[in-house]
Amino acid sequence: MNIPESTIHHLIDSLTQSERSFALYRLPWTDEPILVLQEKGKPETTETLCDLNGKEGFIISPFKPSATHPIVIIRPDKVAHNWNMITDALKEVQEGIQSEKQAEASSECTARTSQHTNDENEKRKYTETFNLFIEPLRKKEFRKLVLSRHSRQLLPEKFSPLNAFIKACNSYPRMMISLCHTPVSGTWIGSTPEIILGGNGSNWHTVALAGTMQMDGENMPTEWDKKNQEEQEFVSEYIRKTVKKFGSRLTEKGPYTARAGQLVHLKTDFHFTLKDTRHLGNILQELHPTPAVCGLPKEEAYRFIIDTENYDRSYYSGIIGWLAPEGDTTLYVNLRCMRIGKDTATLYAGGGILPTSEAESEWEETQHKMDTMRNIL
């Protein structure tokens, strides 16, 4: 992806410190940035995915919607494709962005903190929580659980969110890249390989994505162990049953090995027909959270994770992307992401836990997944 002029760098980075709401994203295998900008007011929020029925806009939704972390809908007052159109759109609101930035800067303390990541402490906490997860799995109370964690990292001096976005676009062509900011959700950068719902008219699709291995240099491994195959089938089974509730003419392709950065996953594509697109929120309510980020049985696993994981996932493993019942919808699971704070970035990652899982290998998997974001800082 080409680097835009310095004025655009300044304006977009300023937007991430303003009261404006916007999203900048790039779809897989394209080179076109898309800007969605809400010109005035706070974005619309809700606490249930069903309330998205009939809505249009850019969505960022948490793992567990709540008053603290609601579903956020960025109203598409301006939608611009490619850097030239984005430049024109931002110049129209340039004066307002700069005045908001100046007002905020005058009230901020500019001192940097000295917070550092403590890997040993994080690993100890992860192992303790892993032991809480593995016990009910081995007792067969769950078929699968997903354990995640977060890690804070000091931002480089003069960190630019737009530079990080562009670097992610150039590093990960197979993924959906996003830079999203609202005064409700904060600023998030992500690089996700997993679509949760996409399509237009009557033609729609989703995927089952599970199982993880590292790339062997530039060679893609294809021999999957039993644990990863079982994990993938659990997700596929759930997606299959859910889609049949709403769609018809279901077809499948997979599972096959798909690359995502320096990792590979097992992937199955599901294509289906929808007669009525006015109730996409209802479909999302059924699909989210998929077993790829939660577990099975879904409701019991969801409650167990919320009660046991010992931190708030916030918008990690939620939903992010463009929702348009009368147009093209491209909604993804918010994976390989980080929240950008004043001086630190909070990185998120997780993995599927089965009765045969081991703490050390699962920890390493989360480390490799966090590298997706570490590599663009």
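For the structure itself, look to the data block above.
Predicted, not measured: the structure shown is a model, and the values here were computed from it.

Cut-offs used in this document
Residues numbered from 1 in each chain as written. Predicted model: local features only at pLDDT ≥ 70, side-chain atom pairs only at ≥ 80, totals over all residues. Heavy atoms only, no water. Buried < 20%, exposed > 50% of the residue type's maximum accessible area, 1.4 Å probe, protein only. Helix = DSSP H or I, 4+ residues; strand = E, 2+ residues; numbered from the N terminus. Arc of directions from axis to C-beta. Contact = heavy atoms within 4.5 Å. Polar contact = N/O pair within 3.5 Å; in protein donor to acceptor, adjacent residues only side chain to side chain. Pairing = 2+ DSSP bridges. Axes fitted to C-alpha atoms, helices over the stretch in contact; angles between N-to-C directions. Salt bridge = Lys/Arg side-chain N within 4 Å of Asp/Glu carboxyl O. Phe/Tyr/Trp six-rings, centres within 6.5 Å; stacked < 30°, edge-to-face > 60°. Lys NZ or Arg CZ within 6 Å of the ring centre and 35° of its normal.

What follows concerns helix α7 (residues 280-287). Quick reminder: α-helices carry 3.6 residues per turn. Residues three or four places apart thus point the same way. Leu280, Gly281, Ile283, Leu284 and Leu287 are the residues of α7 that are buried. Projected down its long axis, α7 carries its buried residues within an arc of 160°, all on one side. Elements that come into contact with the buried residues of α7 comprise β10 (195-200), β11 (203-214), α6 (226-246), α8 (298-308), β15 (319-323) and β16 (329-333).

Moving on, we come to the environment of Leu287. Tracing the backbone shows Leu287 in helix α7. For Leu287, a relative accessible area of 1% corresponds to the buried category. Put simply, Leu287 and Tyr238 are 49 residues apart on the chain and 8.5 Å apart in space, counted from C-alpha to C-alpha. Excluding its chain neighbours within four sequence positions, the residues that come into contact with Leu287 are Ile196, Tyr238, Ile239, Thr242 and Lys298.

This part is about the environment of Gln367. Tracing the backbone through its elements, the reader meets Gln367 in helix α9 (residues 359-374). Judged by its relative accessible area of 16%, Gln367 falls in the buried class. As a C-alpha pair, Gln367 and Thr330 span 37 residues in sequence and 28 Å in three-dimensional space. Within polar-contact distance, the side chain of Gln367 engages the side chain of Arg149 at 2.6 Å.

Turning next to the pairing of strand β18 (residues 344-353). Where burial is concerned, most of β18 is hidden: 10 out of the 10 residues are buried. Pairing between strand β7 (residues 144-154) and β18: 10 bridges, direction antiparallel. Bridged to Arg152 within β18 is Thr346. Sheet analysis places strand β17 (residues 337-340) next to β18, joined by 3 bridges and oriented antiparallel. Considered in β18, the bridge of Met338 is made with Leu347.

The next point concerns the sheet that holds strand β6 (residues 78-81). Spatial ordering of the open sheet is given by β6-β2-β1-β8-β9-β17-β18-β7-β14, a layout of 9 strands whose pairing is antiparallel. The open sheet has two edge strands, β6 and β14 (295-296), and neither has a second partner. Pairing of strand β1 (residues 21-26) with strand β2 (residues 34-38) involves 5 bridges; the strand directions are antiparallel. Across the sheet, the residue bridging to Phe22 is Leu37, located in β2. Along the sheet face, helix α4 (residues 119-138) touches β7 and β18 and points at about 170° away from the line of β7.

In this section: the pattern of salt bridges. Opposite charge on two side chains makes pairing possible when the charged atoms of those side chains draw close. Throughout the structure, instances matching the rule amount to 22 salt bridges. Of the charged contacts, one joins Lys245 and Glu286 as a salt bridge, the two residues approaching to 3.0 Å between their closest N and O atoms. In this pair, Lys245 sits in helix α6 while Glu286 sits in helix α7, placing the two residues 41 residues apart along the sequence. A network of salt bridges, in which partner residues are shared, links Lys144, Lys227, Glu231 and Glu362.

Let's shift gears to the side chain of Lys369. Structurally, the position occupied by Lys369 is in helix α9. With residues up to four places along the chain from it excluded, the contact list for Lys369 reads Thr212, Leu263, His265, Arg336, Ala349, Gly350 and Gly351.

Glancing now at the pairing of β1. Most of β1 is tucked away, with 6 of its 6 residues classed as buried. Residues Ser21, Ala23 and Tyr25 point to one face of β1 and Phe22, Leu24 and Arg26 to the other, with burial holding for every one of them. Relative to strand β8 (residues 176-182), β1 runs antiparallel, the two sharing 5 bridges. The partner of Arg26 across the bridge, within β8, is Ile177.

Another point: the sheet that holds β11. The strand order β3-β5-β4-β15-β16-β10-β11-β13-β12 describes an open sheet built from 9 strands, whose pairing is antiparallel. Both edges of this open sheet fall to β3 (44-46) and β12 (248-260), since each of them pairs with a single strand only. Between one strand axis and the next, the sheet turns by 15° as a mean value, whatever way the strands run. Sheet topology note: the β3/strand β5 (residues 71-74) ladder contains 3 bridges and is antiparallel. When the sheet's bridge partners are listed, Thr46 is paired in β5 with Ile71. Along the sheet face, α6 touches β11, β12 and β13 (263-273) and points at about 170° away from the line of β11.

For the structure shown, the criterion picks out 9 aromatic pairs. An aromatic cluster of at least three residues, connected via ring pairs, comprises Trp188, Tyr311, Tyr315, Tyr316 and Tyr348. Over the ring of Tyr256 we find Lys253; its NZ or CZ atom is 5.3 Å from the centre of that ring. Above the plane of the ring of Phe63 lies Arg313, whose end atom (NZ or CZ) is 4.1 Å from the centre.

These results come straight from atomic positions and should not be treated as a statement about function.
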